[in-house]
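Coordinate analysis (summary)
The primary structure of each chain is shown beneath.
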Amino acid sequence: MKFLQIAKKDLKAEFRTKQMLNSMVIFALLVIVIFSFAFGNEATIFVSNLNKKIIDLLAPGMLWIAFTFAGMLGLSRSFAGEKEEGCLEGLKLCPADRSEIYNGKVLSNAVLMFLMEMATLPIFVVLFSYDIKNLPGLIVVIILGTLGFIFVGTLLSALTVNTRTREILLPVILFPVLIPVILSAVTATGTMLANGDFSDVAGEMQILVVYDIIFFVVAQMVFEYTIED
Amino acid sequence: MRTNSVYNMLKKILYVITPVLILISVYLVFFIAPIPIDPGAAAGDPNNFKIFFFHLPIAISAYLSFAIVFVSSILYLRSKKQKWDMLSLSAAEVGVVFAFLTLVTGSIWGRSAWNAYWVSWDVRLNTSLILFLIYLSYLMIRQAVEEPEKRARLSAVFGIIGFISVPISFLSVRFYSKMHPCVVPPCPSGGGGGIGGVVLYYLLINFAAYFLLAATLMMLRMDNERLKEKANELKRINNF
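Note that the coordinates shown come from a computational prediction; the quantities given were computed from them, not determined experimentally. (Residues numbered from 1 in each chain as written. Chains lettered and ligands numbered in written order. Predicted model: local features only at pLDDT ≥ 70, side-chain atom pairs only at ≥ 80, totals over all residues.)

Overview of the overall build of chain A
Going by this rule: The helix count covers DSSP runs of H or I at least four residues long, the strand count covers runs of E at least two residues long, and both are numbered beginning at the N terminus. Atoms counted for the radius of gyration: C-alpha only. Globule rule: 2.2 Å times residue count to the power 0.38. Between the buried cut of 20 or more and the exposed cut of 12 or fewer other C-beta atoms within 10 Å of a residue's own C-beta lies the partly exposed class, and all C-beta atoms are placed from the backbone. Any two residues are considered in contact once their C-beta atoms, placed from the backbone, lie within 7 Å.
What chain A contains, in helices and strands, is eight helices and two strands. Start at the N end of chain A and walk to the C end: the helices and strands fall as α-α-β-β-α-α-α-α-α-α. Taken over C-alpha atoms, the radius of gyration comes to 18 Å for chain A, in line with the 17 Å a tight globule of 229 residues would show. Counting only residues that meet the buried cut, chain A has 42% of its 229 residues in that class. Taking contacts inside chain A between residues at least 6 apart in sequence as the whole, the part at least 24 apart equals 82%.

Here's what the structure looks like:
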C-alpha cells in the first residue's frame, strides 16, 4: 500500500501551509463571481417555457469551469514541487512499482480537489439561490467528474513537468482530452440541481464511469514512461 | 543495398502517381461526375454536393493518420526505435492538415447547404473538431521538449492518451446531441442516404487519390526527418 504513504506525504506537506488549497478555493470563488458579473443584467431574465432564469441555465457550466481552472492550479503544483531538490528521483528509488507513485499522487490530488469543491459548492448555491433538489446525486456526479479530471490530469501533469513551457502546456493538452468529462458532468449537474433522479442522468453517468475506468487503467500502464529519464 | 534501391524506386513511383491521380480525380469531380440528388429537393446550390467527393476521403485520411500515430506511439514505447517516432511525427502533421481541411470543406459545404458555417451539436462536426485539437496539442508537446529521446517518449504517451479519448468523446457528443434536438433553425437532416451506382466509382477514385496523397506526404516528411538526423550526426562528428 505504498501509494497511501506517498499520498500521506503529499497531504502532510500541503496541510502544513494550506497554501495551495487556499489559492484553489479563492480562485474557484473568483471565477464564479466573475462569470456571474460577466453575463450581465439580461441574464436574470426569466425564460418561461423552461421555468428558469437564463443565468440558472448557465450555472452548472460556470461551476465546472471554476472547478476545472482551480483544479488545473492544483495539478500543476503536484509534480512541480517534486522537480526541485530531486524529489522525483527519490520517489523513483522507492522499491515500488512506478504506478504506485501515480496512485499516490492521484489520491492526494483528489482529496485536495474534493476539499476545494466542498468549500465552493455552498457559496455557489448561495450566490445563485439554488435549492439543490438532489444532493446525494449531485455529490456522486461531482465525484465521478473530479476523478476523471484527476486521473487524466495527474498523468498529463507528470508529462508536462519535464517540458519548457509547462505552465501553459498543461491546460492546452488537458482540455481536449477532458471534453467528455466536462460535457457529461455539466449536463448531469444541471439535472441534479433541478430535480433530477439517477435514472435521468444514466447516460452521462455511464460515460463518466467508462471514462474514469479506461483512463485509470491506461495511466497505470503508461505512467512509468512519463517519469523515466 | 538492393532492397534499398527497390524501396527508393517504389517511392519515386508513388511520388509520380499521386499528383497524376489527384489531377484525374479533380477533373472527374468537376466535369464528369453526376450529382445523385434531385436538383429541386437539394438544399442550396445542387453543385455543392461535389464537395462531398473531397470531404469524405480527406476526413477518412485524417482519421487513418491519427490511427497511425496511435500505433506507432505504442511501437515506439515498446522498442524505442527512432523510426517509429519519425512515423508518429509525420502522421500527426499530415493528420492535422487533413483534419483542418475536413473542417474547412465541411464549413464551406455547410454554408452553402444549410446557410450556416457551424451547427452546434452535430456529432461529426464536434468529433472532427476535438480530433483536430488533440493532435494540435500533440504537435505543441513536440515543440516544447528539446531532447529527442524525451520528446519521442512524452509525445508517444500523449499519442496514446489522445487517441483513446476520441471514441469516448464521440460517444459523449452523440449522447449530448440526442438530448438536444436541433434548436438552431438550419437543422441538418442527418447524413445522406446510400451512395450507389456510378457515384461510388468516382468516390473510390477520390479515396485512392487522397490516401496516396497522405501516404506521399508522410513519406516525404519521414525522408525529411531522416536527413535531419543525418545532418545532426555529421555535425556531432565534425565538432569533436
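Details of the overall build of chain B
Along the backbone of chain B there are six helices and zero strands. Taken from the N to the C terminus, the helices and strands of chain B come in the order α-α-α-α-α-α. Looking at chain B as a whole, 32% of its 240 residues are labelled buried.

Observations regarding the interface of chain B and chain A
To keep things clear, this is the line we draw: Classes in brief: Ala, Val, Leu, Ile, Met, Phe, Trp, Tyr, Cys and Pro nonpolar; Asp, Glu, Lys and Arg charged; the others, Gly included, polar.
Across the boundary between the two partners, chain B contributes 26 residues, which contact 25 residues of chain A. Of all the secondary structure elements, the ones that give two or more residues to the side of chain B that touches chain A are helix 4 (123-144) and helix 5 (148-179) of chain B. With 17 residues, helix 5 of chain B is the largest single contributor of residues to the side of chain B that touches chain A. Taken together, the residues of the side of chain B that touches chain A sort by class into 19 nonpolar, five polar and two charged.

Some points on the confidence of the model for chain A
As a reminder of what qualifies: One number per residue, pLDDT, summarises how confident the predictor is, and it ranges from 0 to 100.
Per-residue pLDDT for chain A has a mean of 87; in total, 100% of the residues score no lower than 70. When pLDDT is averaged over each element of chain A, helix 6 (residues 135-160) of chain A comes out on top at 92 and strand 2 (residues 52-53) of chain A at the bottom at 75.

Some remarks on the packing of helix 3 (residues 54-83) of chain A against helix 5 (residues 98-127) of chain A
All names here are of chain A. Heads up, the condition is: Angles shown run from 0 to 180 degrees and are taken between the N-to-C directions of axes, each axis being a line fitted to C-alpha atoms and, for helices, limited to the stretch in contact. The crossing is said to be left-handed when, going from far helix to near helix, the turn is anticlockwise and less than a right angle, and right-handed when the turn is clockwise.
One way to put it is that helix 3 packs onto helix 5 with a least axis distance of 10 Å and a crossing angle of 145°. Once helix 3 is placed against helix 5, the crossing between them reads as right-handed. Contacts from L63, A66, F67, A70, G71, G74, L75 and S78 of helix 3 reach helix 5 at K105, N109, L112, M113, M116, E117, T120 and F124. Considered class by class, the residues forming the contact of helix 3 with helix 5 number nine nonpolar, five polar and two charged.

Focus on the packing of helix 3 (residues 82-113) of chain B against helix 4 of chain B
All names here are of chain B. Across the interface, helix 3 lies against helix 4 with an axial gap of 9 Å and an inter-helix angle of 145°. Where helix 3 crosses over helix 4, the two elements pack in a sense that is left-handed. Contact residues: helix 3 offers L89, A92, E93, G95, V96, A99, F100, T102, L103 and G106, while helix 4 offers L125, S128, L129, L131, F132, Y135, L136, Y138, L139 and R142. Looking at the contact of helix 3 with helix 4 residue by residue, the class counts come to 14 nonpolar, four polar and two charged.

Re the confidence of the model for chain B
Residue and element names in this part refer to chain B. Here chain B averages 84 in pLDDT, and 85% of its residues register 70 or above. Within the model, the stretch residues 183-187 combines pLDDT values under 50 with six contacts to residues more than four positions away or in other chains. Between residues 189-193, whose pLDDT stays under 50, and residues either more than four places distant or in other chains, the model counts zero contacts. What the predictor reports for the complex is a pTM of 0.88 with an ipTM of 0.88.

A short note on unusual backbone geometry
Excluding glycine, residues mostly carry a negative phi; peptide bonds, for their part, are mostly trans. Located in the positive-phi region is K18 of chain A, a residue other than glycine, with phi close to 50°. Structurally, K18 of chain A can be placed in the loop between helix 1 (2-17) and helix 2 (19-38). Owing to 12 C-beta atoms within 10 Å, K18 of chain A belongs among the exposed residues under this scheme. Backbone geometry places K80 of chain B, a non-glycine residue, at a positive phi of 55°. Relative to the assigned elements, K80 of chain B resides in the loop between helix 2 (50-79) and helix 3.

Description of helix 3 of chain B
This is how it is decided: The span one expects for a helix is its residue count, reduced by one, times 1.5 Å.
The terminal C-alpha atoms of helix 3 of chain B, which comprises 32 residues, lie 46 Å apart, in line with the 46 Å expected from a rise of 1.5 Å per residue. A positive phi of about 65° marks N115 of chain B, the residue just after helix 3 of chain B.

Looking at the environment of A214 of chain B
Residue and element names in this part refer to chain B. Here A214 lies in helix 6 (residues 198-239). In this structure the C-alpha to C-alpha distance between A214 and M140, which are 74 residues apart in sequence, comes to 21 Å. If sequence neighbours within four positions are ignored, A214 has contacts with S61, S65, V94 and F98.

Topic: the environment of V186 of chain A
Residues and elements named next belong to chain A. Counting through the fold element by element, V186 comes out in helix 7 (residues 166-194). Taking C-alpha positions, V186 is 8.3 Å from L63, a pair spaced 123 residues apart along the chain. If sequence neighbours within four positions are ignored, V186 has contacts with P60, G61 and W64.

So, the nonpolar core
If you look at soluble globular proteins, the nonpolar side chains tend to sit buried side by side. Here is the rule: Here, a nonpolar core means buried Ala, Val, Leu, Ile, Met, Phe, Trp, Tyr and Cys residues linked by C-beta atoms lying within 7 Å of one another.
By size, the foremost hydrophobic cluster in this structure holds 109 residues, and its most contacted members are V152 of chain A together with Y135 of chain B. Tallying contributions element by element places helix 7 of chain A first for this core, with 14 residues. If sequence neighbours within four positions are ignored, V152 of chain A has contacts with L174, V177, L178 and F215 of chain A.

Some thoughts on the environment of L144 of chain A
Residues and elements named next belong to chain A. Relative to the assigned elements, L144 resides in helix 6. With 21 C-beta atoms counted inside 10 Å, the residue L144 sits in the buried group. In this structure, the C-alpha to C-alpha distance between L144 and L208, residues 64 residues apart in sequence, is 6.3 Å. In this structure, L144 is in contact with M205, L208, V209 and D212, ignoring residues within four places of it in sequence.

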